[in-house]
Structure formats: structure tokens, C-alpha cells
Number of protein chains: 2
Amino acid sequence: MSRLLPAIALLFLPAIALHAQDTASVDADLVKQSVSLRNIAMQNSNAWEILESLTQEVGPRLAGSPGDQAAVAWAMLKMQDLGFENVRAQDVTVPHWERGQLSVQITNPHPQSLVAVALGGSVGTGEEGIEAPVLMVQNLEELAKLPASQVEGTIVFLPGRMERHKDGSGYGPAVAKRSSGASVAASLGARALVIRSVGTDNNRLGHTGAMRYDLAQPRIPAVALSNPDSDILEYQLSQGQPVSLRINLSARHLDPARSANVIGEIPGSDLPEEIVIIGGHLDSWDLGTGAIDDGAGVAITMEAARQILLSGKRPKRTIRVVLFANEEFGLSGATEYARLAEVEKHILGMEGDFGAGKVWQLASRVAPEALYKVEAMQNMLADLGVEPGSNDSGGGADISPLLKAGMPVLAPRQDGTEYFDIHHTANDTLDKVNRDDLDQNVAIYTALTWFAANVEGDFGRLPVEETPESQ
Amino acid sequence: MSRLLPAIALLFLPAIALHAQDTASVDADLVKQSVSLRNIAMQNSNAWEILESLTQEVGPRLAGSPGDQAAVAWAMLKMQDLGFENVRAQDVTVPHWERGQLSVQITNPHPQSLVAVALGGSVGTGEEGIEAPVLMVQNLEELAKLPASQVEGTIVFLPGRMERHKDGSGYGPAVAKRSSGASVAASLGARALVIRSVGTDNNRLGHTGAMRYDLAQPRIPAVALSNPDSDILEYQLSQGQPVSLRINLSARHLDPARSANVIGEIPGSDLPEEIVIIGGHLDSWDLGTGAIDDGAGVAITMEAARQILLSGKRPKRTIRVVLFANEEFGLSGATEYARLAEVEKHILGMEGDFGAGKVWQLASRVAPEALYKVEAMQNMLADLGVEPGSNDSGGGADISPLLKAGMPVLAPRQDGTEYFDIHHTANDTLDKVNRDDLDQNVAIYTALTWFAANVEGDFGRLPVEETPESQ
């Protein structure tokens, strides 16, 4: 275990040692039940059918779009069909952005059209478009150091490439240019931002994703080239002649729209007021059908709860499945859920939002005195390849407001080696999901959910960082 | 050798046996020279730089387009820069088709936009578009058997999937629906044809490619869905409700345009009238930058000839590099070249038009009495992984008119396992080429070209199937 623990978790090692005996004291029957449910789920999972229905019928479901509304209707019906109780839609107001049409062309020295996508939230160029010389800057830090005289009037190009890692750790360092690059460039007088896609593939498909404008700076258009198209632009820039781009983008912001968190439950028998919350986000980007992001999280958690329903056994605590509105474009659903929730009743949360890769580690963030329960859960999953993880998990974007308000989390970590080949592209479609891996996820969520909903005592509370209202 | 020979080649086995002694009689010095050139080429190949310049500067070059003209200008300059003699452009008239804009949407029962591309040569839908119920038929044979009453007024969907094979043999069976599907459907009253892309990948990128209209039938629009989009359509069709599609396509045919075969030579010292012809096609489809189809063939053959130039040795025969115009959309350049050529002076041809995968086999079509020379050439390449091949090769599309007029051919066969993931899509870009494999190709073409240009005696003649004028 310790080999995989980051420094922060070492603080808890004495606690683990103290509770070493308690591990044995976890109810053996509960472990047996959990493993039995796990094995049945692995054989009988219908997650694929749920995911197939969501992707092939509803398809893209960007917050505020007609697809988003179709997804809410789909989820309400599906939750009812699967037999959940207290199925309801919790109103959420979401931003509504449309990407419109985009064309990007090298106009000098060697004209060529480039494949690109608008970043989520980008303004358009106006009908006249923007044509300007390209200034390539290796990264945001270098850009921030440049004098405005060098940047003014240019289109800034940030060419950095994302690294591939099993745990997705290449994403953080690569994504800053997408999130804040436009405003840094605009603060120096740039007319537009072009980035190499934040993605690990070589497909001719751009990776979109949310960007934010600093309100103190002019809002300039921001687009991402596919990796092969970034190569073309870099090649022409390397040949010593000035390079110009033309960008025409008709993206626009519309009035905020109504969406919903969709919620269903298996009410608890003994402790119905205590909630184990599991879920994913219902919205997706508009380019793909949202199979790995986040149809997989939706299907895995719905199916895990369904497996418990099918068993005929009633959990002691309430199991609540929440399909969050608009994760991609500002966590609207998560924020609203946390604002209205009685967070103290949520004894544990688990979120699936990293595709359907095989689970290889169980991370967590629980109170030190409850770590022995995490250890017991990891033990019962070890034969599926699940290693011990650290106790400093952030849980996931949608449950992070609950975590910050004190709720412990479990985080089954998935193999993300190929996740960022697909993430936020048109390629996010059902065929990218491996059915066996999806079912391994379902089995693991089923076992963990059952265990958490029935274990003696809770997982403690975390230090409160923020109350939901303060966000 | 025999293990790999198809039945037809068995006919020649007695010839091989007869010439077994002659193998030893191939000039040992020539073999030594060829292997030496091969080894130098492998180390010093500049094929990547040629390919990079063509794809990253010129990019897409569909026959008749501005990119096609840019490619001709590029090739003339490059041939001169590389030091070839008699560099010239041979005028060729080519068709000129523009794909325009395409949108394909499922309108019922579950609306969703689908990713598709127009097939090359398709007519448009008119501004009003076409909306009609979808009739899925497993293949062309089944379609041909249906009564017109069942097909009339529908959009026919042919869902067959191409198989992946190292030798690309899945292409032939899969491509018939692309070539002739529209006219078969139109003959039964269909309003449009939709096919699953002829490709082995799962990217959200359609595969284009030439289609032909039977002049006796109405011309209806023809489009290819990407594989994931075909899955979506198949899924909705499988749910028991009628499915409708809307197609809007603004493709159009323009007036024929001027293009050119670009030709350069290394004149022979002793037998300048005898020609060894090598080459590929200069045009590409409009979606990608034509890296594997056929920038690779262009770069491999130009660089092989350049390696011979660099050696300072003069070949006995003339080595002619021909970059053919418009292979993709009707073999215009190949037909014109053969029409004007003195075919009898062409003692051997080699064409690269299957990407840049590693060469694993040397196939041929030479007169039986010359087979021992092919055997000697394969022997000198065996350590690079090149196995003996059959003597029934078709050579390649662009040299097939010469072959039919009696010219023998060599065919270094490349590993095409991944070729049809990329073929005729936007994904046909430089990054898909492996530099080491590209250079292995160059080394092999260099050795074979040198050998053929210097070997004692020729490769015989093939039975004449057609004279170029009769085509």
C-alpha cells in the first residue's frame, strides 16, 4: 500500500496501524454479500444497454441544447423503468452556448485549410473574420513575459502537446492554455488564440472544452487545432517565412436555459436518512455522443444501483443516484445540488467521470478512523486488479462541492491511458467503450455501494473547506 | 518460395527450375552494388523531408483544384532541385468535382446529426435536400433482388463493414457498394444512397472515394457515414420503428480542368532508350493531405531515384520517375501517359500506391524466362524481411495501362494492416507515416531500380491485353 501513497497520506499511516485489527472486525457477512453482488453484476450487467440507449438515441447533449432536454427526459424515464424510487428532476439553470461554424485557414505562405474546433464559451469573430500574423509561443509562462508590442495584433499559437499517462496526469499541465490562454493573450493585445488540442491522439478531430474569460480583458476568439493540423502550422512556422491565419467563427452565447439534475433512489431500510450518493454527469459536449464523457459514468452508477435493486435486498442506508446537469460548462448541477442538499446526511460519495477504463486502484478521502473500511473494500476487490490508493482523492468534479462541505468520498480509479485520445472530440462514441471493462466498473461500484450503504458506522467527516452556499 | 505462391504462379515453376542455375549467373557485382546503394539509402534517405514538404505545404490536391495546380508546380520545382534531367509536365485533362457542404441527420425516431462525407463524383441534393425513410439492405446482391416497390422513394443504406487484412484484401469485396451502389439503388427508385464507410477504423471521419453512375439510371446522391455513425443508424433501425434521414449536399461537377503528369529522368549511359519507370500519383483526395495516398509513393520513388543520382553512378538504362495526375478520380494521368508512351521501350515498371508500410513481399509480373532475376532481387532483400511473392501482380493502378500493353512489373508489397484506417479520410496526414518504414521502402526501391536499370537483358514482355489507344 505504502508504495503508492503520496506524502499527504503518510499522515494517516498511524491511523491505519491502529485500525489494523479492526479490519478483521468488518462484518464478514457484509464482505461476502458485497462480493456476491459484485460477481452477479459482472455477469449480468446491463450497463452497455443503458449506455447504448443514451448515446445512440439521445446523442450529444450540451447544456441548454435540445439534446440536453432530451437527455433529462431520457433519464427520468430510464430511472423509472429501472425501478428506482423518488425519481425526480431538480431544476438547474445552465449557460447556453452554440459553437456555430468555424473555418481556419493558413493564408500565407502556403495556403491550407486546418481542422479546428472552437473552445467552449469562445466568442465569435464577427462575419468579417480575423486575419493576422501568427505568433507561436511555447507556453503560457513565456507568453506572459512578452512585451505587448510583440503580441499586439497577432494570433497567438500555443503548441504544447499533452503527455499520455495511465492516471490522466498529463491533463492538468496541458489544460491551462485552454482555460485561460485567451485572456492572457488578450491582455497583451492579441486578436485570437489558437492552441494545439489538449489530447493525446493524432486524429484530425479537435478537442473542445471549457475556457474562461477574465472579465478585465477583451474577449477574443479561442480555437483548438487537431494535433495533425498543429503539426502543419508548426512546420510552416519553422520555414522562416511569416505565417498568417484566417479565422471565421460564428459561436455565440444565448440566454441561460433550464436543465435538471435527475435523481432516483433506493430508500434505506434502517437508516433511510443517511445517503450514499453515486452518479455522473448527464450533459456532454456537442461534438460526440458523450459515451466516455460521461455516458459511462451514468451507465456504471445507474446499473450498479439496479444490480442492488435486482438482488431484492434492501440496503440499510438510502442509495441515491444523481445524474448532474452541466458539468462541462461550469458545474451548474453540482453547485445547485450541494446548495440544496443536507450535506451532513451524505455519508459517502462516488462519482464516475473518467470513461470506462478498467479500475486499477481504490483511492479515497475519508476520516482517518474510517480508513480501515477502505482497506477492507480494497481487499475485497484485489482479485479484480484493484490496488490500494491514496487517501487524498478529490472525488470528482460533481461531488467536489459536497466533499468541500465535509462529505467523505471513494474514488475507483480507472485506466485513462486512452481517455484523452477521445475526450471532448467527435470521437467520443459508443464504440470506444470496452464492454468487459465497463462491466468490471459496474461490479466494483455495486460492491462498494452495497458495502457503504450497510457497513456499521460511517466514514467520519472531512474538514469543511467551504459551505455550498459560499461557492 | 512455393509456400507463398498462388495457383497461377505454379505454372511458372518449371521456368524457375530451368533457371535455377541462371540465378547464380546474375552478375554478382550488380547485386553487390544494389545492396550497397540500398544500405546507403536506408541511412541517408530524405523521403521524409520530401513528404513533409508535399503534405505540410501543398496539402490536399484533388484533381482540378487549386491544390492540384500547386502540386504540379511543387513537383516540377522539386524534381529540378533534386537534380533530375528532362523534367517536364505532360498535359492531362482531368475532371473537376467539388464536394461542397454536407449534412446528414436522423430526423426520426431519435433526431441526431451523423458524420458523413460525399462519395467522389456524387451529385448534390439540391437546396431543398432529401428526406426519406431508410431502407437497410445487407449488401448489393440483396439489393438487386428487391422489387422496386420496396425500394422506391427510400434512402438505401448498405451497412457492410470492411475486413482488416495485412494485404488489403478486404478492400475489393467492400468497395463495390461505393462504386456502383448508387446506380443499383437508383434503378429501383431510391432517392439517395448511404453506405457505411469503406474503412477499418472507428474514427468519426468518413471515407470518400470514387463512385460511378450508370448512365442508364437516374443520378442520385451518394454519401458514406463514418463507422461510429453507421452504428448509430443501425441501432435506431434495430429498434423496430421507421427511421428517416435528411440529407443536404451541395456537391457539383465543374468543367474539366488542366493538370499534368510530372516527369523527371536519370538518362541511361548504354541503353538510354530503355526505360525503367517508377512513380506514384501526385493527386490526392480533398479531405486529407494525401500522406499515405499517395505522398508516400511520390516520396519513395523520387527519393529512390535521388539516391541513385547521389551515388554518382550512371545507370545503363534510363530511370524515369512519373508522378501521375488524377489517379483517384479516373486514372486520367495514367491513361494519357500510356497513350503517348512508346510502351515497348518500358522494360519494367514499379508503382508505390499503398502507403508507407514495411515491405514484406516482392511480387511481380514478368515473362517466365526472367523470373530468375526476380528471385535474385528477392534474395538480395531477404534480410530486410522481404519474402518471395507471386508472379501474377497487377502492378498498381497507374502502371496497369502499361502492363496491359505488355510491360513487366515489380511490386514490393507493403504491410497494409492499418492502411484502410486512414485511406480517403481527413486523417491521411504526415503523422500516420512511420519514418523507419518509409526509409525501408526507399532502400528497397533504390536497390530494385538500380538492379533493373543495369541487369543484363530485360524482363521479357507480357501478353498484350489492350493497347493504350483502345482504352
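Please read all numbers here as calculations on a predicted model, not as lab measurements.

Undergrad: Explanation requested: the overall build of chain A in the structure shown.
TA: Counting its regular elements, chain A contains 16 helices and 16 strands. Against the 2.2 N^0.38 benchmark of 23 Å for 471 residues, chain A shows a C-alpha radius of gyration of 23 Å, consistent with a compact globule. Taken over the C-alpha atoms alone, chain A extends approximately 75 × 45 × 40 Å along its principal axes. Relative to its full complement of 471 residues, chain A shows a buried share of 61%. Accessible surface computed for chain A: about 17,100 Å², of which carbon and sulfur atoms make up 50%. Within chain A, one finds 37 positive and 60 negative side-chain charges whose respective centroids are separated by 1 Å.

Undergrad: It is not clear to me how the interface of chain A and chain B should be interpreted in this structure. Could you clarify?
TA: The figure often quoted for interface size is the accessible area lost as the parts come together. Across the contact, 29 residues belong to chain A and 29 residues belong to chain B. When chain A packs against chain B, close to 2,200 Å² is buried across both sides, 48% of that on carbon and sulfur atoms. Counting across the chain A and chain B interface gives 0 salt bridges. In this assembly, chain A and chain B are joined by 19 residue pairs in polar contact (both at pLDDT 80 or more). Mapped onto the side of chain A that touches chain B, the elements with two or more residues apiece are α5 (47-58) and α10 (227-238) of chain A. It is α5 of chain A that contributes the most residues to the side of chain A that touches chain B, 6 residues altogether. Considering only residue class, the side of chain A that touches chain B consists of 9 nonpolar, 14 polar and 6 charged.

Undergrad: Please clarify how the sheet that holds strand β8 (residues 222-225) of chain B should be interpreted in this entry.
TA: Backbone-to-backbone hydrogen bonds join strands into a sheet, with any given pair of strands oriented parallel or antiparallel. Residues and elements named next belong to chain B. The strand order across the open sheet built from 8 strands is β3-β2-β9-β5-β6-β7-β8-β4, with neighbouring strands paired in mixed fashion. A single partner strand is all that each edge strand has here, and the edge strands are β3 (112-114) and β4 (116-118). On average, each strand axis in the sheet is tilted by 30° relative to the strand beside it, whichever way the strands run. Note: strand β6 (residues 155-158) against strand β7 (residues 192-196), 4 bridges, orientation parallel. When the sheet's bridge partners are listed, Ile-155 is paired in β7 with Ala-192.

Undergrad: Sorry, what's going on with the pairing of β7 of chain B here?
TA: Regular strands place their side chains on alternate faces of the sheet. All names here are of chain B. Extensive coverage of β7 is indicated by the burial of 5 of its 5 residues. Here β7 runs beside β8; their pairing, made up of 4 bridges, is parallel. Note that in β8 the partner of Leu-193 across the bridge is Ala-222.

Undergrad: Would you take a moment to explain the packing of aromatic side chains for this structure?
TA: The description of an aromatic ring pair uses the distance of the two centres, along with the angle that the planes make with each other. Counted by the stated rule, this structure contains 14 aromatic pairs over all chains. Between Phe-354 of chain A and Tyr-419 of chain A, the ring centres sit 4.5 Å apart and the planes meet at 45°, which makes this aromatic pair tilted. Of the two residues, Phe-354 of chain A sits in the loop between β13 (346-351) and β14 (359-365) while Tyr-419 of chain A sits in helix α15 (residues 419-422), which places them 65 residues apart along the sequence. In this structure, Phe-354 of chain A and Tyr-419 of chain A share a single accessibility class: buried. An angle of 85° between the planes, with centres 5.9 Å apart, marks the rings of Phe-324 of chain B and Tyr-337 of chain B as edge-to-face.

Undergrad: Explain the packing of helix α4 (residues 28-44) of chain A against helix α16 (residues 435-454) of chain A here, please?
TA: Any two packed helices are characterised by how steeply their axes cross, that is the angle between the axes, and by the distance between the axes. Residue and element names in this part refer to chain A. Put simply, α4 and α16 touch, their axes get as near as 8 Å, and they point 155° apart. Viewed along their axes, α4 and α16 adopt a mutual orientation that is roughly antiparallel. Seen along the crossing, α4 lies across α16 with a hand that is right-handed. In this structure, α4 contributes Leu-30, Val-31, Gln-33, Ser-34, Leu-37, Arg-38, Ala-41 and Met-42 to the contact, and α16 contributes Asp-439, Gln-440, Val-442, Ala-443, Thr-446, Ala-447, Trp-450, Phe-451 and Asn-454. Here the residues of the contact of α4 with α16 sort into 10 nonpolar, 5 polar and 2 charged.

Undergrad: I tried to follow the domain arrangement of chain A on my own but got confused; where do I start?
TA: Residues and elements named next belong to chain A. Segmentation of chain A into domains returns domain 1 (2-96 + 255-470) and domain 2 (100-250). If you average the C-alpha positions of domain 1 and of domain 2, the two centres end up 34 Å apart. Counting across the interface, domain 1 meets domain 2 through 1 salt bridge. One salt bridge in this structure joins Arg-164 and Asp-421, with 3.0 Å as the shortest N-O distance. Remark: the boundary between domain 1 and domain 2 carries 8 residue pairs in polar contact (both at pLDDT 80 or more). Elements with a contribution of two residues or more to the side of domain 1 that touches domain 2: β16 (409-414) and α15. For the side of domain 1 that touches domain 2, the element with the highest residue contribution is α15, accounting for 3 residues.

Undergrad: Honestly, the environment of Leu-135 of chain B in this entry has me stumped. Any pointers?
TA: Residue and element names in this part refer to chain B. With respect to the helices, strands and loops of the structure, Leu-135 is situated in strand β5 (residues 130-136). Since its relative accessible area comes to 16%, Leu-135 is described here as buried. Separated by 73 residues in sequence, Leu-135 and Leu-62 place their C-alpha atoms 32 Å apart.

Undergrad: Can you walk me through the relation of the copies chain A and chain B in this structure?
TA: These two copies of the chain differ by a rotation about an axis and a displacement along the same axis. With an axial shift of 0.0 Å and an RMSD of 0.0 Å, the rotation relating chain A to chain B amounts to 180°. Classification of the inter-copy transformation places it as that of a two-fold axis. Taking the C-alpha atom as reference, chain A places Asn-203 of chain A closest to the rotation axis, 3.9 Å from it.

Undergrad: Where do I start with the pattern of salt bridges in this structure?
TA: Where side chains of opposite charge bring their charged atoms close, a pairing between them can arise. Considering all chains together, one arrives at 42 salt bridges over all chains under this definition. The residue Arg-435 of chain B makes a salt bridge to Glu-49 of chain B at a minimum N-O spacing of 2.7 Å. Of the two residues, Arg-435 of chain B sits in helix α16 (residues 435-454) while Glu-49 of chain B sits in helix α5 (residues 47-58), which places them 386 residues apart along the sequence. Taking the relative accessible area as the measure of exposure, Arg-435 of chain B reaches 36% and is therefore partly exposed. Two residues, Arg-99 of chain B and Asp-286 of chain B, come together in a salt bridge whose shortest N-O distance is 2.6 Å. Placement of the pair is Arg-99 of chain B in the loop between β1 (85-98) and β2 (102-108) and Asp-286 of chain B in the loop between β11 (271-281) and α11 (291-311), with a sequence separation of 187 residues. Owing to a relative accessible area of 12%, Arg-99 of chain B belongs among the buried residues under this scheme. Connected through shared salt-bridge partners, Arg-88, Glu-265 and Arg-320 of chain A make up one network.

Undergrad: Looking at this model, I keep getting lost on the packing of helix α6 (residues 66-82) of chain B against α11 of chain B. Mind explaining?
TA: Residue and element names in this part refer to chain B. Relative orientation of the contacting elements α6 and α11 amounts to 20°, with a least axis distance of 10 Å. On the basis of their axis angle, the class for α6 and α11 is roughly parallel. Like other packed secondary-structure pairs, α6 and α11 cross with a definite hand, here right-handed. For the pair α6 and α11, contact is made by Trp-74, Lys-78, Met-79 and Leu-82 and by Val-298, Met-302, Arg-306 and Leu-309, respectively.

Undergrad: Got a minute to help me understand the sheet that holds strand β5 (residues 130-136) of chain A in this structure?
TA: All names here are of chain A. Taking strand neighbours across the sheet as the criterion, the 8 strands line up as β3-β2-β9-β5-β6-β7-β8-β4 in an open arrangement whose pairing is mixed. Of all strands in the sheet, those with a lone pairing partner are β3 (112-114) and β4 (116-118), marking the two edges. Ignoring which end each strand starts from, the neighbouring axes of this sheet average 30° apart. Judged from the 4 bridges that link them, β5 and strand β9 (residues 244-249) form a sheet pairing that is antiparallel.

Undergrad: I'm lost on the pairing of β13 of chain A in this one. Help?
TA: All names here are of chain A. Most of β13 is tucked away, with 6 of its 6 residues classed as buried. The sheet contact formed by strand β11 (residues 271-281) and β13 spans 5 bridges and is parallel. The partner of Ile-275 across the bridge, within β13, is His-346.

Undergrad: Please clarify how α4 of chain A should be interpreted in this entry.
TA: Three- or four-residue spacings in an α-helix give side chains the same orientation, since the helix completes a turn every 3.6 residues. Residues and elements named next belong to chain A. Its 17 residues give α4 an end-to-end C-alpha distance of 24 Å, which sits within 8% of 24 Å, the value for a rise of 1.5 Å per residue. Among the residues making up α4, those that are buried are Leu-30, Ser-34, Leu-37, Arg-38 and Ala-41. Along the axis of α4, the buried positions cluster into a sector of 105°, meaning they face one direction only. Facing away from the buried side of α4 by more than 90 degrees, the exposed set consists of Ala-28, Lys-32 and Gln-43. Check the buried side of α4 and you find it contacts α11 (291-311), α13 (371-381) and α16.

Undergrad: Please explain the environment of Gln-105 of chain B as it appears in this structure.
TA: Residue and element names in this part refer to chain B. With respect to the helices, strands and loops of the structure, Gln-105 is situated in strand β2. Under the relative-accessibility criterion, Gln-105 is labelled partly exposed at 29%. On a C-alpha basis, the gap between Gln-105 and Arg-246 in space is 5.2 Å, while along the polypeptide they are 141 residues apart. Every residue in contact with Gln-105, bar those within four places of it in the chain, is listed here: Gln-112, Ser-113, Ser-244, Leu-245 and Arg-246.

Conventions used here
The numbering scheme is per chain: residues are counted from 1 as the chain's sequence reads. Lettering of chains starts at A and numbering of ligands starts at 1, both following the order in which they are written. Note on the predicted model: pLDDT of at least 70 is required for a residue's local features to be given, and 80 or more for side-chain atom pairs to be given and counted; whole-chain, interface and lining totals, by contrast, use all residues. Processing note: side-chain calculations cover all non-hydrogen atoms of the structure and skip hydrogens and water entirely. A run of H or I in DSSP becomes a helix once it reaches four residues, and a run of E becomes a strand once it reaches two; helices and strands are each numbered from the N terminus. This radius of gyration counts C-alpha atoms alone. The globule rule is 2.2 Å times how many residues there are, raised to the power 0.38. The cut-offs for exposure are 20% and 50% of the maximum accessible area for each residue type, with area from a 1.4 Å probe on protein chains only; residues under the lower value are buried, those over the upper are exposed, and the others partly exposed. Computed with a 1.4 Å probe, the accessible areas rest on the Shrake-Rupley method; for each residue, only the protein chains presented here act as cover. The positive count covers Lys and Arg only, the negative count covers Asp and Glu only, and His and the chain ends enter neither. Charged side chains are reduced to one point each, which is NZ for Lys, CZ for Arg, CG for Asp and CD for Glu. We call two residues contacting when some pair of their heavy atoms lies within 4.5 Å. Summed over both partners, buried area is the accessible surface (1.4 Å probe) that two parts give up on being assembled. Think of a salt bridge as a Lys or Arg side-chain nitrogen and an Asp or Glu carboxyl oxygen that are within 4 Å of each other. Under the rule applied, a polar contact is a pair of N or O atoms within 3.5 Å (in protein, one hydrogen donor and one hydrogen acceptor; residues adjacent in sequence only if both atoms are side-chain atoms). Under this grouping Gly is polar, as are all residues other than the nonpolar Ala, Val, Leu, Ile, Met, Phe, Trp, Tyr, Cys and Pro and the charged Asp, Glu, Lys and Arg. Any two strands with at least two DSSP bridges between them are considered paired. Note on method: axes are straight lines fitted to C-alpha atoms, helices fitted across the in-contact stretch only, with angles between N-to-C directions ranging 0 to 180 degrees. Stacked, tilted and edge-to-face pairs are distinguished by plane angle, under 30 degrees for stacked and over 60 for edge-to-face with tilted covering the rest, among Phe, Tyr and Trp rings (Trp via its six-membered ring) whose centres lie within 6.5 Å. Any angle that falls under 35 degrees is termed roughly parallel, while one over 145 is termed roughly antiparallel, one within 65 to 115 roughly perpendicular, and all others oblique. The crossing is said to be left-handed when, going from far helix to near helix, the turn is anticlockwise and less than a right angle, and right-handed when the turn is clockwise. Reported domain spans reflect what an automatic or database domain assignment gives. When the copies are superposed, the least-squares fit draws on C-alpha atoms of residues that have pLDDT of at least 70 in both. Helix span, expected: 1.5 Å multiplied by one less than the number of residues in the helix. Taking the helix axis as origin, the arc is that swept by the directions to the C-beta atoms.

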